[in-house]
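Secondary and tertiary structure notes
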Amino acid sequence: MCEVTIVIPNYKGKEYLFSCVKSLYEKDQTEKKILIIDNASNDGSIEEVVKEYPEVECVMLDKNYGFCRAVNIGIEKTDTPYVILLNNDTVIKDNYVKYLLDSIKKDPNIFSVEPKMIQYHDPSKIDSAGTYYNALGWAYAYGKDKSVKKYNNIRKIFAACGGASIYRKKVFEEIGMFDEKHFAYLEDIDVGYRARIFGYENWYVPAALVYHVGSGTSGSRYNQFKTRYSSRNNIYLIYKNMPLIQIILNLPFLVAGFLIKFLFFAAKGMGKEYLAGIKNGFSISRKGHK
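Rules used throughout
- Every chain begins its residue count from 1, and numbering advances along the sequence as written.
- In keeping with the predicted nature of the model, local features appear solely for residues at pLDDT of at least 70, side-chain atom pairs appear and are counted solely at 80 or more, and the whole-chain, interface and lining totals rest on all residues.
- Excluding hydrogens and water, the side-chain values take into account all heavy atoms of the structure.
- Helix numbers and strand numbers start at the N terminus; a helix is a DSSP run of H or I with at least 4 residues, a strand a run of E with at least 2.
- Throughout, radius of gyration means the C-alpha value; the globule benchmark is 2.2 Å times the number of residues raised to the power 0.38.
- Type-normalised accessible area, obtained with a 1.4 Å probe on protein chains alone, sets the label of each residue: buried when under 20%, exposed when over 50%, and partly exposed for intermediate values.
- By definition, residues are in contact when any of their heavy atoms lie within 4.5 Å.
- DSSP bridges decide pairing: two strands pair if at least two such bridges lie between them.
- For a crossover, the right-handed case is the one in which the path from the first strand over the helix to the second runs clockwise, viewed with the strands pointing away from the viewer.
- The term nonpolar core refers to a set of buried residues drawn from Ala, Val, Leu, Ile, Met, Phe, Trp, Tyr and Cys, joined through side-chain atoms within 4.5 Å.
- Here a polar contact is recorded for every N or O atom pair within 3.5 Å, except that within protein the pair must consist of a potential hydrogen donor and a potential acceptor, and residues adjacent in sequence are included only if both atoms are side-chain atoms.
- Each patch is built from residues that are more than 30% exposed by relative accessible area and take part in no salt bridge. Like charges join if they lie within 9 Å; nonpolar side chains (Val, Leu, Ile, Met, Phe, Trp, Tyr) join within 5 Å.
- Exposure was quantified through the Shrake-Rupley algorithm and a 1.4 Å probe, taking into account, for residues, occlusion by the shown protein chains and nothing else.
- Here a salt bridge means any side-chain nitrogen of Lys or Arg lying within 4 Å of a carboxyl oxygen belonging to Asp or Glu.

Overview of the overall build of the protein
- Within the protein one finds 9 helices and 12 strands.
- The globule rule puts the C-alpha radius of gyration for 290 residues at 19 Å, and the 18 Å found for the protein is close to it.
- Dimensions along the principal axes, computed over C-alpha positions, put the protein at roughly 50 × 40 × 40 Å.
- Expressed as a percentage of the 290 residues in the protein, the buried residues total 52%.
- The long-range fraction of contacts in the protein, counting pairs at least 24 apart against all pairs at least 6 apart in sequence, stands at 75%.

Written out as structure tokens, the structure reads:
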């Protein structure tokens, strides 16, 4: 019986997608389904995959709806109890699917499990060893740019990175799907936050390994698109999930956190984009969420 479906959102991923799918077949023999949700790429990336792997199922969307809607469509379409969300700019290591599947099945209270994510262009460094969120309002990848030889202990984390983690599908029926207002960025923190509120856990399992290019679709580690959407979604994330009393208690830290981030991005010439994202974040928060 197949227990897991791998959902790969794709947008103009010709440079990466084929290698991603190839690694899933060559590096892991776990029975699995692969479902690609394509955001109107029109770059030949899907045709290249299907030609070599006709068993891969593809859903072709009429325009770029962003990460959240793409993975929601994928999750809703699956008929397996577990779903792995995998970015198209990744390549897995041996038995990645098996390790994730074995880990999440250990406890029904586990909502998600994140693997050890390694930087594709510098395999000596960590890309993410667990996803966290702190009092400053910062979401961050634990261990980023540190030695890949470290972070080898299984541990509970705040949330799992939506770029390479496994999720228990039925929990989405209880806590809701990925919020499509996020479009992209911090949506994984949001869904992990909601799962924690409902009493579920998120874990990091370093035995599962994946190489990640990072910002393969948006262009670079720091860019205008990512800066604007990240700051916008940071405000929205707080509005949605943080109780008022906690916001009041954390307010000095949150203000400091946003100020530091503004100065950081201003130094990179993206201060206006950061502030525009903040403004937009307050706007969508005032309009409420479903």
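Let's talk about the pairing of strand β2 (residues 33-38)
- With respect to burial, β2 is a largely interior element, 5 of its 6 residues being buried.
- Both strand β1 (residues 4-10) and β2 contribute to a ladder of 6 bridges, which runs parallel. Across the sheet, residue Pro9 finds its bridge partner in β2, namely Ile37.
- Once the chain exits β1 it traverses helix α1 (residues 17-26) before rejoining the sheet at β2, and the crossover so formed is right-handed.
- Bridge analysis of β2 against strand β3 (residues 57-60) gives 4 bridges, and the strand direction is parallel. The residue of β3 that forms the bridge with Leu35 is Glu57.
- Taken together, β2, helix α2 (residues 45-52) and β3 form a β-α-β motif whose crossover is right-handed.

Re the nonpolar core
- Formed by 31 residues in total, the largest nonpolar core has its most connected members in Ile8, Val21, Ile84, Leu86, Tyr96 and Ile166.
- Counting residues per element, this core draws most heavily on helix α4 (residues 96-104), which supplies 5 residues.
- Ignoring sequence-local partners within four residues, the contact set of Ile84 consists of Val4, Thr5, Ile6, Val7, Tyr96, Val97, Leu100, Ser165 and Ile166.
- Formed by 25 residues, the second largest nonpolar core is a distinct cluster that contains Val59, Val83, Tyr185 and Val191.

Here we look at unusual backbone geometry
- Unusually for a residue other than glycine, Asn42 sits at a positive phi of about 55 degrees.
- When you line up the elements, Asn42 lands in the loop between β2 and α2.
- Of the residues examined, Asn42 reaches a relative accessible area of 76% and is grouped as exposed.
- Within the chain, Asn95 stands out as a residue other than glycine whose phi angle is a positive 60 degrees.
- Within the secondary structure, Asn95 is located in the loop between β5 (90-92) and α4.

Let's talk about the side chain of Ser41
- Locating Ser41 in the fold gives a position in the loop between β2 and α2.
- Looking at Ser41, the relative accessible area reads 3%, which means it is buried.
- At a separation of 2.6 Å, a polar atom in the side chain of Ser41 contacts the side chain of Asp38.

Examining a nonpolar patch on the surface
- Together, Leu244, Ile245, Ile248 and Leu249 line one region of the surface with nonpolar side chains, adding up to about 450 Å² of accessible area.
- Along the chain, Ile245 turns up in helix α8 (residues 244-267).
- We classify Ile245 as exposed; its relative accessible area is 55%.

Details of the environment of Arg196
- Secondary-structure assignment places Arg196 in helix α6 (residues 187-197).
- When the C-alpha atoms of Arg196 and Val171 are compared, they prove to be 11 Å apart, with 25 residues separating the residues in sequence.
- Those residues within four positions of Arg196 in sequence are excluded, and the remaining contacts are Ile157, Phe158 and Asn202.

What about the pattern of salt bridges?
- According to the stated counting rule, one finds 12 salt bridges in the structure shown.
- Of the charged contacts, one joins Asp179 and Lys240 as a salt bridge, the two residues approaching to 2.8 Å between their closest N and O atoms. Of the two residues, Asp179 sits in the loop between α5 (169-175) and α6 while Lys240 sits in helix α7 (residues 224-241), which places them 61 residues apart along the sequence.
- Assessed through its relative accessible area of 12%, Asp179 is described here as buried.
- Lys240 gets classed as buried once you look at its relative accessible area, which sits at 17%.
- Connected through salt bridges with shared partners, the residues Asp179, Asp190, Arg194 and Lys240 form a single ionic network.

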